[in-house]
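Residue strings, one per chain:
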Amino acid sequence: MSATEAEASSAVVLARRSGAVATVLMDQPGNLNSFTPELREQLAAALQDAAGDPSVRAIVLGGSGRFFSAGANLKQGGAGAQSIREILLKEYKPVFDAVLKAPQPVVAAVQGGAAGIGMSLALACDLVVMEKSAFLLCPFLSIGLVPDGGSTWTLTQALGQRAAFEFAISGDRMPASRAREMSLVNRLAEPGKTLETAEAWAAELALKAPLALAATKKLFRKAAKLSFNDMFMAEAEAQEACSATADAAEGIAAFLEKRPPRFTGASS
């Protein structure tokens, strides 16, 4: 086997492009895309690559096969020389940071289900499309662990403290319809259409002004932890920066001329 063939055979993440949309897929369907060390490393790298490419205007994150991700791979046993804390901070957090810090919106495509830290990753994305027959599962307490991957924060922001705590300790599956009702996911997709639906939405987002979209993502990421006054000031600063861009001039001209805008992402 050549070095190229060996590298290809060990790939557990697929990355592809369609126009301005980058799709990153966890590709370990045999273990329901549970997180191996290889998956953590390659997923972080693929997301960072997509986020760092100025020609990418939206990112879709999904999983191959019938399941988004079953979470940590428990069959691999203990952490070896590393502590669980080290693994979370050094191997998992770069994946989450890549999603949170990407200037582009990241759309999760959740088919089948998302469990454990796989659920945490899906909910960390900016937008979530979920298959109608899929579910979310927070199973940590059933194996003597606590929720991780930032899910205590994400669930509390969406559900409130009491409902988030109840979901976390129950260990019950939350069906897609309930997740949509509770605003944990944005859109529901027909079976087998989840990735297609997410990519179509991402293509729509890719037509929007990239700098303004990135600034809007940043503002909403801040909003949960800052005061109204702080956010008002942050909005004013972002608006000042966006108003000076070529995209703002193009957007206003297109509005006045009653035509679709052609945004380039140019700052001036």
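Quick caveat: nothing in here was measured; it's all calculated off a predicted structure.

How each quantity is defined
Within each chain, residues carry numbers counting from 1 in the order of the written sequence. Only residues with pLDDT of at least 70 are given local features in this predicted model, and only at 80 or more are side-chain atom pairs given and counted; all residues enter the totals for whole chains, interfaces and linings. Values shown for side chains rest on all heavy atoms present in the structure; no hydrogens or waters enter the calculation. To qualify as a nonpolar core, a set must consist of buried Ala, Val, Leu, Ile, Met, Phe, Trp, Tyr and Cys residues joined through side-chain atoms within 4.5 Å. When accessible area is computed with a 1.4 Å probe and restricted to protein chains, residues below 20% of their type maximum are described as buried, those above 50% as exposed, and intermediate ones as partly exposed. Helix and strand definitions follow DSSP, with helices as H or I runs of at least four residues and strands as E runs of at least two, each counted in order from the N terminus. Only heavy atoms matter for contacts: two residues are in contact if any of them lie within 4.5 Å across the pair. For Phe, Tyr and Trp, where Trp contributes only its six-membered ring, two rings pair if their centres lie within 6.5 Å, and the inter-plane angle classes them as stacked under 30 degrees, edge-to-face over 60, or tilted in between. Only when the NZ of Lys or the CZ of Arg is both within 6 Å of the ring centre and within 35 degrees of the ring normal is a charge said to sit over the ring. For two strands to be treated as a pair, DSSP must find at least two bridges joining them. Each axis is a line fitted through C-alpha atoms, and for a helix only the stretch in contact is used; angles between axes span 0 to 180 degrees, taken between their N-to-C directions.

Colleague: Is there a simple way to think about the nonpolar core in this case?
Modeller: Here is a general trend for soluble globular proteins: nonpolar side chains tend to be buried in one another's company. If you look at the biggest cluster of nonpolar residues, it comprises 52 residues, and the most contacted ones within it are Leu 43 and Leu 136. Residue contributions to this core peak at seven residues, all from helix 2 (residues 37-51). Excluding residues that lie within four positions of it along the chain, Leu 43 makes contacts with Val 13, Val 24, Met 26, Phe 35, Leu 61, Val 95 and Leu 121. In terms of nonpolar packing, the next biggest core, distinct from the first, is built from 13 residues, Val 21, Trp 201, Leu 205 and Ala 206 among them.

Colleague: I tried to follow the packing of aromatic side chains on my own but got confused; where do I start?
Modeller: To describe a pair of aromatic rings, you give the distance between the ring centres and the angle between the ring planes. As enumerated under the stated definition, the model contains three aromatic pairs in all. When the centroid spacing of 6.0 Å and the interplanar angle of 50 degrees are considered together, the rings of Phe 228 and Phe 232 count as tilted. Taken as a pair, Phe 228 and Phe 232 lie in helix 10 (residues 228-243) at a separation of four residues, close to a single helical turn. Here Arg 173 stacks its cationic end above the ring of Phe 135, 3.9 Å away from the centre of that ring. Above the plane of the ring of Trp 201 lies Arg 187, whose end atom (NZ or CZ) is 3.7 Å from the centre.

Colleague: What exactly am I supposed to notice about the environment of Ala 249 here?
Modeller: Residue position: Ala 249 is located in helix 11 (residues 246-256). Take Ala 249: its relative accessible area is 48%, and that puts it in the partly exposed class. Residues Ala 249 and Ser 268, 19 residues apart in the sequence, show an inter-C-alpha distance of 9.1 Å.

Colleague: Explain the sheet that holds strand 5 (residues 113-115) to me, please; I cannot follow it from the model alone.
Modeller: Spatially, 5-7-8 is the arrangement adopted by the three strands of the open sheet, whose pairing is mixed. Single-partner strands in this sheet number two, and they are strand 5 and strand 8 (174-175). Across three bridges, the pairing between strand 5 and strand 7 (residues 135-137) is parallel. When the bridges of strand 7 are listed, Ala 115 appears paired with Leu 137. Helix 4 (residues 117-124) rests against strand 5 and strand 7 of the sheet, and its axis sits at about 110 degrees to strand 5.

Colleague: When you look at the environment of Ala 200 in this model, what are you seeing that I'm missing?
Modeller: With respect to the helices, strands and loops of the structure, Ala 200 is situated in helix 8 (residues 194-205). Assessed through its relative accessible area of 42%, Ala 200 is described here as partly exposed.

Colleague: Help me understand the sheet that holds strand 3 (residues 58-63) in this model?
Modeller: Sheet strands associate in pairs through backbone hydrogen bonding, adopting either a parallel or an antiparallel arrangement. On the basis of which strands lie adjacent, the open sheet formed by six strands has the order 1-2-3-4-6-9 and mixed pairing. The strands lining the two open edges of the sheet, one partner per strand, are strand 1 (13-18) and strand 9 (187-189). Averaged over all neighbouring strand pairs, the angle between strand axes comes to 20 degrees, with direction disregarded. As paired strands, strand 3 and strand 4 (residues 106-110) are joined by three bridges and run parallel to one another. Note on strand 4: the bridge partner recorded for Leu 61 is Ala 108.

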